[in-house]
Structure formats: C-alpha cells, structure tokens
Amino acid sequence: MRKIAFVLLGTVLMTACVSKKKYLALEHENGEVKSALAKTQFEKEELESKFAKIEARVEAYNSKINALTEENDVKMEAVGDVAVISNETKKHMRNTLTKVDQNKLRQATTLKDSMNLAVSYNLQKSLDNSTLNEDEDIAIDIDETVVMISISDKMLFDTASYRVSSKANNILQKLANVINSEPSIEVMVEGHTDARSINTDKIADNWDLSVLRATSVVRALQNKYNVAPEKLIASGRSSYLPVAGNDTKEDRAKNRRTRIVILPNINKFFALMASNE
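Residues numbered from 1 in each chain as written. Predicted model: local features only at pLDDT ≥ 70, side-chain atom pairs only at ≥ 80, totals over all residues. Heavy atoms only, no water.

Q: Honestly, unusual backbone geometry in this entry has me stumped. Any pointers?
A: Peptide bonds are, in most cases, trans, and in most cases residues other than glycine have a negative phi. We note that Asn226 has phi near 60°; this positive angle belongs to a residue other than glycine. Among the secondary structure elements, Asn226 is positioned in the loop between α6 (206-223) and β6 (232-236). We classify Asn226 as exposed; its relative accessible area is 63%. Its identity as a non-glycine residue notwithstanding, Ser238 has a phi of 55°, on the positive side. As for its position among the elements, Ser238 is in the loop between β6 and α7 (249-255). Look at Ser238 and you get buried, because its relative accessible area is 2%. (Helix = DSSP H or I, 4+ residues; strand = E, 2+ residues; numbered from the N terminus. Buried < 20%, exposed > 50% of the residue type's maximum accessible area, 1.4 Å probe, protein only.)

This is how it looks when you write it as structure tokens:
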C-alpha cells in the first residue's frame, strides 16, 4: 500500500513539473509575440510618420510648382516699344491667332506683328458688321501702345455734314460696348478731312469740320450709348494727317475718316476678349 502511494506521488510530481515547463514556455512565447507586436506597431508608426513627411514634401513641391506657373503666367514681356504683356496674354494671343487669316499670319514676323493681328481680329469681331469693308470702311492697328480704329466717314456722316447719321447707329453701339466693357479704357475721337476746302454758314473750314465731326461722335457716344464723358476726348486734325494722296476720288475718300484712338491695358483687353469667347 505504501509502495502504491509513493508511485502515485511520483506521478503527480512529474505531472506538475511538466505543466510548469509548458507554462514557462508559453509565457516566453507570449512575451516574444508581444515584443514582435510592439516592434511592428513601432515600425508602423515610423512608416506613417515617414509617409506623412513625404506627403508634406509632395504638397510643398506642388505648391511651389503652382506658384512658379502662376508667376510665369504673369511674367511681363516687352513687345518692342509698343506694350508690355504677360505670358497669360500671350496664350490668349496664340489662341486668337489660330483663327486669323493664315496669309496675314505668315506675314507676321515679330511678336508686335502678332499682337497687331490678334487685337485687330478681336476688335473686328466685336465691331463686325456685314456692311463693313475691312480694307476701305474700317481699319484697325496698334501704334505706340494704343489701338486705333479708323472708320470711313461714309459710315458715320452724310457728305459735307457733321451730324451723325442713323446708319452709324450699329457701329457706334458696338464701339460703345467695347469702351464700356473696361473701366480703364480712354478714347480719343479724331476727325479727319480731305484737302478740298469747305466754307459754309455753319462750317468755317476743314479744321472746323473735323472738330465738329469729332464732337458729334463724342456726344452720340455719351448721350445715346451711355459712355462716361470723362473717358472721351474730341479732337480735329483737319486735312493735315492724310493716309493717301488727295488727287483722286478714291484717295480723298480714304482721308475722310474718323479715327477712334483707344488707350487700353493690353493684358486686360485680351482677358476681356477671352472671357467673351
């Protein structure tokens, strides 16, 4: 009986010993798992921190690129002695030039020529009238930072008259729209005559006729088309600034004209025209 008790006691002690070893092994394994988990968590947080820094750098680079792009867009470039324009304006110009007559475009050899064509195209489109002949009735050009629109007198007046005729309504309305569209625009209206002398009860000479025609157009723009008077200047040049000879009927007709001199901000002008497309 005593022998059996010793055997049972030995068995219990051996079982207890094995269980303790397994427990210690499991505890050690658990510690390793926890350590590995903590290491993984640390590495995860470290990676997240690095990723956040990379994202911040990418965002900073993108901001810098955008800033450089915007700076480049507004970077100003001189166009000969005519104007100073931004790269954004040049983009608008290039877009406009795709629509210009290609024969005329081939003759443009400088940036100044290209700007001339683009401004002329945009103004011609704004002033478009099926009764206009671009070569004879209206001419548009840039000269020394201003836009000049020469309109044949037959579009505005009856022969030897300084009163604006009803046939001028359409062209003056469109001209007023261009002037009123940009607050910074100022306009000088110049009257020009041919060299034949004139003397009537109401008109003393060509000086008188050229000034009277200019003031008639200015009054029409102010009173009928709501152009602010402070933006307008009236002047007369008589016959002393001809664009052709005075020996033929055709040349005299070219000299009888009203020139609208617009002083725009070229960059604002192209921005305006682009917004109207």
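Picking up where we left off.
Q: Would you mind showing me how to read the side chain of Asn206 here?
A: With respect to the helices and strands, Asn206 occurs in helix α6. On the accessibility criterion, Asn206 (9% relative accessible area) is buried. Polar side-chain contacts of Asn206 include one of 3.4 Å to the backbone oxygen of Asp194. Every residue in contact with Asn206, bar those within four places of it in the chain, is listed here: Thr193, Asp194, Ala195, Arg196, Ser197, Ile198, Ser238 and Ser239. (Polar contact = N/O pair within 3.5 Å; in protein donor to acceptor, adjacent residues only side chain to side chain. Contact = heavy atoms within 4.5 Å.)

Q: Looking at this structure, I do not really get the environment of Ala253. What am I missing?
A: Mapping Ala253 onto the fold places it in helix α7. Residue Ala253 is classed as partly exposed on the basis of its relative accessible area of 32%. Sequence spacing of Ala253 and Asp153 is 100 residues, and the spatial spacing of their C-alpha atoms is 8.1 Å.

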